[in-house]
Amino acid sequence: MPTFRYLCAALMLVLLAGCASTSQTSSTGTGLRVPDLDRGRTSLGLNNPNNVWDRLRQGFAMPDLDNATVRDREAWYTRNPSSIQRLIGSSDKYIYHVIEALESRNMPTEIALLPYVESSFNPLAVSSAKAAGMWQFMPATGKQYELHQNLFLDNRRDVVQSTRAALDYLQRLYNMFGDWHLALAAYNWGEGNVQKAIRRNQAAGRGTSFSELTMPQETRMYVPKLQALKNIVRNPATFNTALPNIANHPYFDQVRITRDMDTSTVARLAGISLEDFRALNPSLNRPLVIASLTPTLLLPWQSAPRFRQNLANARDQQLASWTLWTAPADMSVTEVARQHDADEDELRSINSIPSRMRVRRGSTLLVPRHDQHADEIAPHVARSGNISFVPEVVLQTTTLKAEAGDTIASFAERFGLPVSSVASWNNASPGTRLSAGQEVTVQLPRQQASQLRQQQQAQAAIERRAREAEEQRATAAERSARASEQQERAARSQPQTDTASTSSRRAAPAAETRASRATPPAARTEAATSTRAKAADDSRKRSSQTETAAPVRGKRNSRQEEAAPARGQRAARAEDSSADKRAGAGKAASRTSSKAESADSKSGNRSNTRSAKAEAEPAKRTPTTGKPVRAAETADTQPARGKQAADKKPADNKAADSKPSGKTPAAGKQPADKKSADKKPATDKKAAAKSR
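For clarity, every value in this text was computed on a predicted model and none was experimentally measured.

## Overview of the overall build of the protein
Summing up its helical and strand segments, the protein has 26 helices and 12 strands in all. Here the protein, with 692 residues, has 36% of them falling under the buried criterion. Counting only contacts in the protein whose residues sit at least 6 apart along the sequence, the fraction spanning at least 24 positions is 70%. Total accessible area computed for the protein in this model is approximately 40,400 Å², and 51% of it derives from carbon and sulfur atoms.

## Comments concerning helix H9 (residues 180-189)
Summarising burial for H9: eight of the 10 residues are buried, a large majority. Residues of H9 that are buried: Trp180, His181, Leu182, Ala183, Leu184, Ala185, Ala186 and Tyr187. Taken together, the buried residues of H9 touch helix H6 (114-119), helix H8 (159-177), helix H10 (191-204) and helix H11 (217-234). Structurally, the start of H9 carries an N-cap: the backbone nitrogen of histidine 181 is 2.9 Å from a side-chain oxygen of aspartate 179. Looking one or two residues beyond H9, the residue adopting positive phi is glycine 190, at roughly 105°.

## Focus: unusual backbone geometry
Here the phi dihedral of phenylalanine 121 falls at roughly 60°; this positive angle occurs in a residue that is not glycine. Counting through the fold element by element, phenylalanine 121 comes out in the loop between H6 and helix H7 (139-144). One non-glycine residue, lysine 130, lies in the positive phi region at around 75°. Relative to the helices and strands, lysine 130 is located in the loop between H6 and H7.

## Remarks on empty space enclosed by the protein
Rolled over the atoms, a probe as big as a water molecule pinpoints where empty space is left. Considering all chains together, one arrives at two cavities of 30 Å³ or more under this definition. Put simply, the second largest cavity is a space of about 50 Å³. Of all the secondary-structure elements, those providing two or more residues to the lining of the second largest cavity are H9 and H11. With four residues, the top contributor of residues to the lining of the second largest cavity is H11. Classifying every residue of the lining of the second largest cavity gives five nonpolar, two polar and two charged.

## Structural notes on the pattern of salt bridges
Going through the model one piece at a time under the given rule, you end up with 21 salt bridges. Between arginine 164 and aspartate 168 there is a salt bridge, with its nearest N and O atoms 3.8 Å apart. Residue arginine 164 and its partner aspartate 168 are both found in helix H8; the two are separated by four residues, about one turn of the helix. Using a relative accessible area of 25% as the deciding quantity, one classes arginine 164 as partly exposed. One connected set of salt bridges, linked through shared partners, spans Asp64, Glu110, Lys230 and Arg234.

## Description of the nonpolar core
With 65 residues, the main nonpolar core has Trp53, Ile111, Tyr116, Trp135 and Tyr187 as its most contacted residues. Ranked by residue count, the leading element in this core is H8, at nine residues. When residues no more than four places from it in sequence are discounted, the contact partners of tyrosine 187 are Leu114, Glu118, Trp135, Phe137, Ala166, Tyr169, Leu170, Leu173 and Tyr222. Leu153, Val333, Leu347 and Ile377 belong to the second largest nonpolar core, which has 24 residues in total.

## Remarks on the side chain of threonine 407
Structurally, threonine 407 is set in the loop between strand E9 (395-401) and helix H18 (408-414). Under the relative-accessibility criterion, threonine 407 is labelled buried at 16%. For threonine 407, the contacting residues outside a window of four places in its chain are Pro430, Gly431, Thr432, Arg433 and Leu434.

## Re the packing of aromatic side chains
Counted under the stated rule, the structure contains six aromatic pairs. The interplanar angle of 40° and the centroid separation of 5.2 Å between the aromatic rings of tyrosine 145 and tyrosine 169 together place this pair among those described as tilted. A residue pair is termed long-range when its members are at least 10 positions apart, and tyrosine 145 in the loop between H7 and H8 and tyrosine 169 in helix H8 qualify at 24 residues. Clustering of aromatic rings is evident, with ring pairs tying together Tyr145, Tyr169 and Tyr187. Between arginine 220 and the ring centre of phenylalanine 210, over which it is positioned, the NZ or CZ distance is 5.6 Å. The ring of phenylalanine 60 has lysine 230 lying over it, and the distance from NZ or CZ to the ring centre is 5.5 Å.

## Some points on the packing of helix H5 (residues 95-105) against H8
For the pair H5 and H8, interaxial distance at closest approach is 11 Å and the crossing angle is 40°. Judged by the angle between their axes, H5 and H8 are oblique. Note on packing geometry: the crossing formed by H5 with H8 is right-handed. Listed contacts from H8 to His97, Val98, Ala101, Leu102 and Arg105 of H5 are Val160, Thr163, Arg164, Leu167, Asp168 and Gln171. Tallied by class, residues from the contact of H5 with H8 come to five nonpolar, three polar and three charged.

## Quick notes on the environment of lysine 143
By the element assignment, lysine 143 lies in helix H7. Given a relative accessible area of 58%, lysine 143 falls into the exposed group.

## Topic: the confidence of the model for the protein
Predicted coordinates in regions of low pLDDT should not be interpreted in detail. Per-residue confidence for the protein gives a mean pLDDT of 76, with 65% of residues at or over 70. Low pLDDT, under 50, characterises residues 1-8; the predicted model gives this stretch zero contacts beyond four residues in sequence or across chains.

## Observations concerning helix H3 (residues 68-79)
Here H3 contains 12 residues, and its C-alpha end-to-end distance of 17 Å stays within 8% of the 16 Å for a straight helix at 1.5 Å per residue. Burial in H3 covers these residues: Val70, Arg73, Glu74 and Tyr77. Down the axis, H3 shows its buried residues gathered within 100° of arc, on one side only. Along H3, exposed side chains directed more than 90 degrees from the buried face belong to Ala68 and Arg79. Along its buried surface, H3 packs onto helix H4 (81-89) and H11. N-capping of H3 is provided by asparagine 67, with a side-chain oxygen placed 3.2 Å from the backbone N of threonine 69.

## Let's talk about the environment of threonine 296
Along the chain, threonine 296 falls in strand E4 (residues 296-300). Classification of threonine 296 by relative accessible area gives partly exposed; the value is 24%. Taking C-alpha positions, threonine 296 is 6.3 Å from glutamine 254, a pair spaced 42 residues apart along the chain. In contact with threonine 296, other than residues within four places in its own chain, are Gln254, Val255 and Arg256.

## Thoughts on the packing of H8 against H9
Two numbers describe a pair of packed helices, the interaxial angle and the distance between the axes. Interhelical geometry of H8 versus H9 gives an angle of 125° and a closest axis separation of 8 Å. In terms of orientation, H8 and H9 fall into the oblique class. Considering only the axes of H8 and H9, their crossing is right-handed. Touching Ala166, Tyr169, Leu170, Leu173, Tyr174 and Phe177 of H8 are Trp180, Leu182, Ala183, Leu184, Ala186 and Tyr187, all from H9. For the contact of H8 with H9, the class distribution of residues is 12 nonpolar, no polar and no charged.

So, how was this worked out
- For every chain, the first residue of the written sequence is number 1, and numbering continues from 1 onward in sequence order.
- Residues qualify for local features only when their pLDDT is at least 70, as the model is predicted, and side-chain atom pairs are given and counted only at 80 or more; totals for whole chains, interfaces and linings, by contrast, use all residues.
- Side-chain metrics rest on all non-hydrogen atoms present in the structure, leaving aside hydrogens and water.
- Counting from the N terminus, the helices are DSSP H or I runs at least four residues long and the strands are E runs at least two residues long.
- Only protein chains enter the calculation, and the probe is 1.4 Å; a residue is then buried if its accessible area is under 20% of its type maximum, exposed if over 50%, and partly exposed in between.
- Residue contacts are defined here by distance: any two heavy atoms, one from each residue, within 4.5 Å place the two residues in contact.
- Areas reported here follow the Shrake-Rupley algorithm with a probe of radius 1.4 Å; residue values treat only the protein chains shown as occluding.
- Any N or O atom pair separated by 3.5 Å or less is treated as a polar contact, with the protein-specific requirement of one donor-capable and one acceptor-capable atom, and with residues adjacent in sequence counted only for side-chain atom pairs.
- Method remark: on a 1 Å grid restricted to protein atoms, a set of points is classed as a cavity if a 1.4 Å probe fits but cannot get out and as a pocket if it is open with protein on both sides within 12 Å along at least five of seven lines; lining residues have an atom within 4 Å of a point.
- Grid points are joined across faces, edges and corners, and a volume is the space filled by probe spheres set on the points.
- When residues are sorted by character, Ala, Val, Leu, Ile, Met, Phe, Trp, Tyr, Cys and Pro go into the nonpolar class, Asp, Glu, Lys and Arg into the charged class, and all the rest, Gly among them, into the polar class.
- When a carboxyl oxygen of Asp or Glu lies within 4 Å of a side-chain nitrogen of Lys or Arg, that pair is called a salt bridge.
- What is meant by a nonpolar core is a set of buried Ala, Val, Leu, Ile, Met, Phe, Trp, Tyr and Cys residues, joined one to another through side-chain atoms within 4.5 Å.
- For Phe, Tyr and Trp, where Trp contributes only its six-membered ring, two rings pair if their centres lie within 6.5 Å, and the inter-plane angle classes them as stacked under 30 degrees, edge-to-face over 60, or tilted in between.
- Comment: the charge-over-ring label is applied if NZ (Lys) or CZ (Arg) is within 6 Å of the ring centre and within 35 degrees of the ring normal.
- Geometry is summarised by axes, namely lines fitted to C-alpha atoms with helices restricted to the contacting stretch, and by angles between N-to-C directions that run from 0 to 180 degrees.
- An angle counts as roughly parallel when it lies under 35 degrees, as roughly antiparallel when it exceeds 145, as roughly perpendicular when it falls between 65 and 115, and as oblique in every other case.
- Crossing handedness follows the turn of the near helix against the far one: under a right angle anticlockwise gives a left-handed crossing, and clockwise gives a right-handed one.
- The predictor rates its confidence in each residue with pLDDT, a number between 0 and 100.
- In this analysis, the expected span of each helix is defined as 1.5 Å times one less than the number of residues it contains.
- Directions are taken from the helix axis to each C-beta atom, and the arc is the one they span.

Set out below in structure tokens:
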């Protein structure tokens, strides 16, 4: 009996051991595969790692990079431990899936750290160069690797699809270069640039490793950042860092759908928040899941079974409240909302329509779905969906001026407006006639109304300037007429004025002639001689005063004082000769004056005759200046000509008068010229200046 018990216990032990040794990979529904519990070994030599970090360390396979840049990045992460916690903590939803994908391809698990360098594991990240997703795909590269991008989704942000595309790209780069460091550099910089850098080094005889190539600073730092993170994950205690605990099991499961549904409906059926759903499905651009575009959704692992059950129970319910509609023409949001019985603000928000914009013809919009039995959105409609806008036309009420002969109908046609609308705006009929300049009320687009107002203002300004110019010309013509009239009046009064001025000018020479006749020639000669004698006496007095003051100036001027009497004698002799000459000139002048009297009497008679003729004859004008010349002016010139002739005659008789005459008065021997008398004082002044 005891033996039987022992045998039964041994048999049970054998059965239990067999079950443990034949454990298989299990899965639930259509979700992700549950990993084998015995896969790999930890760094401590134990099977079944408890967290993703142990599993990650097991797959490190890239050669280490050790240089100053790596150590610099390690120091930076060490100085900022909070940034490491925040950086690595953001990957808890996605890193398990990335490690699984790498292991399935037998790729180094260090690549799972690459999204930290690219985007901090943020699927919604967008760079300044328009790269998007946690793997930072450019639009063209994403299309090359079948990451669809349209109005309703962008698979560059899809966690599963972008990971698949990134690993495909990295594998191709590794097969191209045969080096993981160069493959990573090409992922950042582009394979073409890396190939050119390699060819340049080969031509120069240099090496072609990552450290030896010349590349931009960003690419130069790219691999060292990944190596620094690898070193920290490999041994966090060395860098005084504590890694967050991320369990070694899937965070999400994949579920398939066949019906369109709102994102809020999916979250309700799964029993999760809308934020958690969007975090796992960041590729959706609209709050509608189109089954033909997104047949697979990601849900938290524990929520996926609930969603499947609730979806099966809601087979007869309407799951989508929105559908797609194509605009047949350019339409405003108000018109679209009125046509589909929708709220305008909600319609604008769900379709991301900017303010003051209209929907262009052919645009695809989300509109309310009122028929719960409507067909699901067709794949070709969803894939080709796009939306574009045109500026919204804002009408503005303004007034325009009609032209002569206008009616409401012709006015409306000229501005391209509906006749009925123009008639209703002005409370008139289409055939109503308009007068020139009459203001007509219209409603035009703001820009067109502004342009028309500016044109009318410019035309009004031109007309105003034309009127002002015409008024100025009329004023100038009036002023010119008045000036001409004044000139004519002045011309008519000019002969009387010229006659008065001629009489006054003629009276002056006659008075001079009469005065010259009243004074005898001998008296005039004696007066001139006495004047010159007085001037000579004054000059001698000044000379005597200078000679009296000379001895006081000192011995240095003795020689000048002795020479002064000699200079005085010479000056006296010069004055005597000058007086003799002037006495002769006075005698000649007396003879000339008697002859001039007879000439003046004759010229006066001729002048009177000419002035009488000038008063009778009309005014003449000179051919050169055009000014009027009177006959009186011609007569006035005759006395002057007679005087010039009288002045020339004494000059001709100068030789006859130059002989000495015994009848010359004794006073003629005295100094008669003030200029000759002043010569001695001038000499004395020079002597005085030398003595000083």
